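Observations on the model geometry
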Amino acid sequence: LNAKERNEAPILFRSLKMAKQKALSEKASAITICNEIKNSIINNSSGKIDYIGCVNAETLEPLKRINGKVMLAIAVRFGKTRLIDNIIFSKNESKKL
């Protein structure tokens, strides 16, 4: 990574932390959470997103709703370097009867 890319790279984990907090504090869909991460990275870095995923942390199946044990995972290219990161958390939504 060059100097600019090293300065921008921390946005990856900051974006994941921000998305986790939003997911825990609001009732947001997985698409909404992934879009939050995408927008944060696009607006704050020169990185090119390879993927952003919101999956079940145990099965790695894509999620529609943020519920249970969740993994937010990203891969972003800075020049020739591909950086990957993830964050795992649990959110249990109570179902109304």
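Residues numbered from 1 in each chain as written. Predicted model: local features only at pLDDT ≥ 70, side-chain atom pairs only at ≥ 80, totals over all residues. Heavy atoms only, no water.

1. Description of the packing of helix H2 (residues 11-25) against helix H3 (residues 30-44)
At a minimum axis separation of 9 Å, H2 and H3 run at an interaxial angle of 150 degrees. When the interaxial angle is binned, H2 and H3 end up roughly antiparallel. Pair H2 / H3 crosses with right-handed handedness. Within the contact between the two elements, H2 uses Ile 11, Leu 12, Ser 15, Leu 16, Met 18, Ala 19, Lys 22 and Ala 23 and H3 uses Thr 32, Ile 33, Glu 36, Ile 37, Ser 40, Ile 41 and Asn 44. Residues belonging to the contact of H2 with H3 are distributed by class as follows: nine nonpolar, four polar and two charged. (Axes fitted to C-alpha atoms, helices over the stretch in contact; angles between N-to-C directions. Helix = DSSP H or I, 4+ residues; strand = E, 2+ residues; numbered from the N terminus. Parallel < 35°, antiparallel > 145°, perpendicular 65-115°, else oblique. Left-handed = near helix turned anticlockwise from the far one by under 90°. Contact = heavy atoms within 4.5 Å. Nonpolar A, V, L, I, M, F, W, Y, C, P; charged D, E, K, R; others polar.)

2. Here we look at the pattern of salt bridges
On inspection of all chains with the given rule, the structure shows five salt bridges. Lys 22 is paired through a salt bridge with Glu 36; the nearest N and O atoms lie 3.4 Å apart. Placement of the pair is Lys 22 in helix H2 and Glu 36 in helix H3, with a sequence separation of 14 residues. Residue class for Glu 36 comes out partly exposed when judged on its relative accessible area of 26%. For Asp 50, the salt bridge goes to Arg 82, with nearest N and O atoms at 2.8 Å. (Salt bridge = Lys/Arg side-chain N within 4 Å of Asp/Glu carboxyl O. Buried < 20%, exposed > 50% of the residue type's maximum accessible area, 1.4 Å probe, protein only.)

Nothing here speaks to function; it is geometry throughout.
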